[in-house]
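What follows is each chain in one-letter form.
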Amino acid sequence: MSDEDAATLPDSTDVAVVGGGVMGTSIAYFLARESDRSVTLLERDGLAAGSTGDSSAILRHHYGDEEIYTDMAWWSHEFFRSFDDEVGARIAYEGSPLVRFADEGTPGGEYARDGYEALSNRDIPVSVHRGEAIVEEYPMYRGASEFDIAVSDDSAAYSDGSDVALGFARGASEHGVDVVTGVAVTEFRTEDGEVTGLRTEAGTVDCDDVVVAAGPWTPRLAETVGVDVPIRPVREQIVLLDPPTDYAETYPSLTPTTSLPDGEWYIRPDFGDGVLVATHRYAEEVDPDDYDDEPDEETMLELVENLEEVIPELADAGIKGTYCGVYSTTPDHDFVIDEAGPEGCYWACGFSGHGFKHAPAVGSLVSGLVRGEEPTLGDVEIDLEYFSLDRFADDPAGNGLPDDYI
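Residues numbered from 1 in each chain as written. Predicted model: local features only at pLDDT ≥ 70, side-chain atom pairs only at ≥ 80, totals over all residues. Heavy atoms only, no water.

1. Examining helix α9 (residues 297-310)
Then comes step 1: When the terminal C-alpha atoms of α9 are compared, their 20 Å separation across 14 residues agrees well with the 20 Å that a helix rising 1.5 Å per residue should span.
Then comes step 2: For α9, the full list of buried residues reads Thr299, Met300, Leu303, Asn306, Leu307 and Val310. Summarising the axial view, the buried residues of α9 lie within an arc of 120°, below the 170-degree limit, and thus occupy one face. When the buried face of α9 is taken as reference, the exposed residues oriented beyond 90 degrees from it are Glu297, Glu298, Leu301, Glu305 and Glu309.
Then comes step 3: The elements touched by buried residues of α9 are β14 (232-242), β16 (265-270), β17 (274-279) and β18 (318-329). (Helix = DSSP H or I, 4+ residues; strand = E, 2+ residues; numbered from the N terminus. Expected span 1.5 Å × (residues − 1). Buried < 20%, exposed > 50% of the residue type's maximum accessible area, 1.4 Å probe, protein only. Arc of directions from axis to C-beta. Contact = heavy atoms within 4.5 Å.)

2. Description of the packing of aromatic side chains
Then comes step 1: The tally for this structure, following the rule as stated, stands at 24 aromatic pairs.
Then comes step 2: Ring centres of Phe30 and Phe168 lie 6.2 Å apart, and the angle between their planes is 55°; this geometry places the pair in the tilted category. Of this pair, Phe30 sits in helix α1 (residues 22-34) while Phe168 sits in helix α6 (residues 161-174), and the two are 138 residues apart along the sequence.
Then comes step 3: For Phe168, a relative accessible area of 0% translates into the label buried.
Then comes step 4: Members of the aromatic cluster, joined through ring pairs, are Tyr29, Phe30, Trp75, Phe79, Phe80, Phe83, Phe168 and Phe356.
Then comes step 5: In this structure, Arg60 packs its charged tip against the face of Tyr63, placed 3.6 Å from the ring centre.
Then comes step 6: For the cation-ring pair, Arg113 lies above Tyr116, with the distance from its terminal atom to the ring centre recorded as 5.9 Å. (Phe/Tyr/Trp six-rings, centres within 6.5 Å; stacked < 30°, edge-to-face > 60°. Lys NZ or Arg CZ within 6 Å of the ring centre and 35° of its normal.)

3. Here's the deal with the sheet that holds strand β3 (residues 58-59)
Then comes step 1: Taken in spatial order, the 3 strands make up an open sheet running β3-β8-β4, and their pairing is antiparallel. Single-partner strands in this sheet number two, and they are β3 and β4 (93-95).
Then comes step 2: For β3 and strand β8 (residues 157-159), the ladder comprises 2 bridges, and the chain directions are antiparallel. Looking across to β8, one finds that Leu59 is bridged to Ala157. (Pairing = 2+ DSSP bridges.)

4. Re the nonpolar core
The nonpolar side chains of soluble globular proteins are, as a tendency, buried together.
Then comes step 1: The biggest cluster of nonpolar side chains holds 52 residues, and the ones touching the most others in it are Val17, Met72 and Phe83.
Then comes step 2: Where this core is concerned, the elements lending two or more residues are β1 (15-18), α1, β2 (39-43), α2 (67-81), α3 (83-87), α6, β20 (345-349) and α10 (359-371).
Then comes step 3: Examining the composition of this core, we find that 8 residues originate from one element, α1, more than from any other.
Then comes step 4: In this structure, Phe83 is in contact with Gly88, Ala89, Ile91, Val164, Gly167 and Phe168, ignoring residues within four places of it in sequence.
Then comes step 5: One finds Phe188, Ala222, Cys345 and Phe392 within the second-largest nonpolar core, a separate group that totals 27 residues. (Core = buried A, V, L, I, M, F, W, Y, C linked by side-chain atoms within 4.5 Å.)

5. Re the domain arrangement of the chain
Then comes step 1: In terms of domains, the chain is made up of domain 1 (12-54 + 162-231 + 332-394), domain 2 (97-155) and domain 3 (232-329).
Then comes step 2: One C-alpha centre belongs to domain 1, the other to domain 3; they are set 30 Å apart.
Then comes step 3: With 14 residues of domain 1 in contact, the opposing surface of domain 3 contributes 15 residues.
Then comes step 4: Of the roughly 1,100 Å² buried at the junction of domain 1 and domain 3 (both faces included), carbon and sulfur atoms supply 49%.
Then comes step 5: The interface formed by domain 1 and domain 3 contains 3 salt bridges.
Then comes step 6: Summed over the shared surface of domain 1 and domain 3, the result is 7 residue pairs in polar contact (both at pLDDT 80 or more).
Then comes step 7: Here the residues of the side of domain 1 that touches domain 3 sort into 5 nonpolar, 6 polar and 3 charged. (Domains from an automatic or database assignment. Buried area = accessible area lost by both parts, 1.4 Å probe. Salt bridge = Lys/Arg side-chain N within 4 Å of Asp/Glu carboxyl O. Polar contact = N/O pair within 3.5 Å; in protein donor to acceptor, adjacent residues only side chain to side chain. Nonpolar A, V, L, I, M, F, W, Y, C, P; charged D, E, K, R; others polar.)

6. Observations concerning the environment of Pro312
Then comes step 1: Locating Pro312 in the fold gives a position in the loop between α9 and β18.
Then comes step 2: In this structure the C-alpha to C-alpha distance between Pro312 and Arg142, which are 170 residues apart in sequence, comes to 7.4 Å.
Then comes step 3: In this view, Pro312 contacts Met140, Arg142 and Leu307; residues no more than four positions away in its chain are not counted.

7. Digging into the pattern of salt bridges
When charged atoms on two side chains of opposite charge get close, those side chains can pair.
Then comes step 1: This structure, assessed with the given rule, holds 18 salt bridges.
Then comes step 2: For Arg235, the salt bridge is made with Glu284, and the minimal N-O distance between the two is 2.8 Å. In this pair, Arg235 sits in strand β14 while Glu284 sits in the loop between β17 and α9, placing the two residues 49 residues apart along the sequence.
Then comes step 3: On the basis of relative accessibility, which here comes to 4%, the residue Arg235 falls in the buried class.
Then comes step 4: Judged by its relative accessible area of 37%, Glu284 falls in the partly exposed class.
Then comes step 5: The partner of Asp270 in a salt bridge is Arg268, with the nearest N and O atoms 3.1 Å apart. Both residues of the pair, Asp270 and Arg268, belong to the buried class.
Then comes step 6: A cluster of three or more residues bridged by salt bridges with shared partners is formed by Arg44, Arg220, Asp287 and Asp289.

8. Re the sheet that holds strand β19 (residues 336-339)
Then comes step 1: Read from one edge of the open sheet, 6 strands run β9-β2-β1-β13-β20-β19, paired in mixed fashion. With one partner strand each, in any of the chains shown, β9 (178-181) and β19 form the two edges of the open sheet. Averaged over neighbouring strand pairs, the angle between their axes works out to 15° when direction is ignored.
Then comes step 2: As paired strands, β19 and β20 are joined by 4 bridges and run antiparallel to one another. When the bridges of β20 are listed, Asp338 appears paired with Trp347.
Then comes step 3: Packing of α1 onto the sheet brings it into contact with β1, β2, β13 (209-212) and β20, and relative to β2 it is tilted by some 170°. (Axes fitted to C-alpha atoms, helices over the stretch in contact; angles between N-to-C directions.)

Below, the structure written as structure tokens:
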């Protein structure tokens with residue numbers, strides 16, 4: 001679906017979804033598919049124009065002992081595998097096992113082991129390598145022999161954020177959703193503590209419910225109805241490498257998807273025989289409307305030094321492209337999925353750089369929340385209290401920071 005196919009702004013709708021990234025389009029799709037209510041999706045720019053278009057789109061299931069994410073990621077991944085049949089749109093997709101290198105008796109080792117147990121208990125493909133088997137499995141990775149274990153999330157993969165968001169939007173449109181782009185929502189209309197509509201730059205829309213999935217712009221809208229959504233927009237830097245010919249011939253898989261030492265970088269293969277390397281620092285807070293979209297020279301030099309230490313044969317790789325994106329991070333890096341503020345006002349935000357892989361699950365869960373149904377994925381019940389805004393009222397740190405993440 002292209003922006004040229006966008007609908008005009010309707011006068012009214014049962015449910016308005018604000019945000020045309022992968023979360024907003026997924027929510028709109030599931031709302032339309034699972035109910036007979038009218039749905040309108042509103043996007044201030046173009047579809048997938050924000051964080052979604054810059055997503056590394058990794059599909060993995062290993063989350064240490066945070067089994068709620070394992071369940072959501074696995075359900076979502078099964079949906080991604082059948083995306084064409086489910087939604088009627090083809091998406092880019094490539095398998096790439098994700099590995100956690102670790103030492104026994106350390107927090108990283110415990111995290112890797114917990115994730116192994118979570119995957120094993122769910123019959124999700126997972127392997128553990130030790131000793132020389134680590135070197136044999138990952139020969140490009142210098143220092144692999146120094147780790148005690150390597151836990152491989154064997155069925156992990158990656159996709160493309162824009163492909164998926166546009167696919168969801170097309171599927172939503174076919175289910176009757178009005179997809180309106182180039183129209184910014186400015187505030188809510190409320191009466192007696194209930195949502196009655198939205199004001200936009202192009203006019204007003206009456207609605208009974210509104211779901212805000214506007215990424216780093218969510219807090220601005222939340223403030224207009226007295227809701228505090230603790231999100232920091234932070235800038236992440238991405239480099240696309242063109243591996244040397246000898247390297248690609250020697251290592252056809254190019255690289256495992258993994259965190260590089262110190263947790264500040266991650267790496268995965270990329271479409272077209274490239275390698276994607278990105279920062280994962282959650283440090284530099286930015287204005288999502290005004291930030292430098294090119295990596296810093298200092299960061300590029302640091303990347304080269306890091307590769308020389310970890311995967312030395314990639315240190316001479318050419319650069320195919322560079323860009324920057326924005327994460328919407330919460331204090332604990334956990335999502336926000338909740339109803340808060342005026343009655344009929346729902347929030348799906350704060351995905352902290354690891355939300356893409358959960359987009360189908362988020363769409364289905366939010367659809368159920370709006371429709372008043374129990375939060376389940378298949379036969380698995382999901383505790384949405386884990387994602388409530390109330391957790392920050394009880395403790396500003398929320399659920400606490402995870403041990404590791406990609």
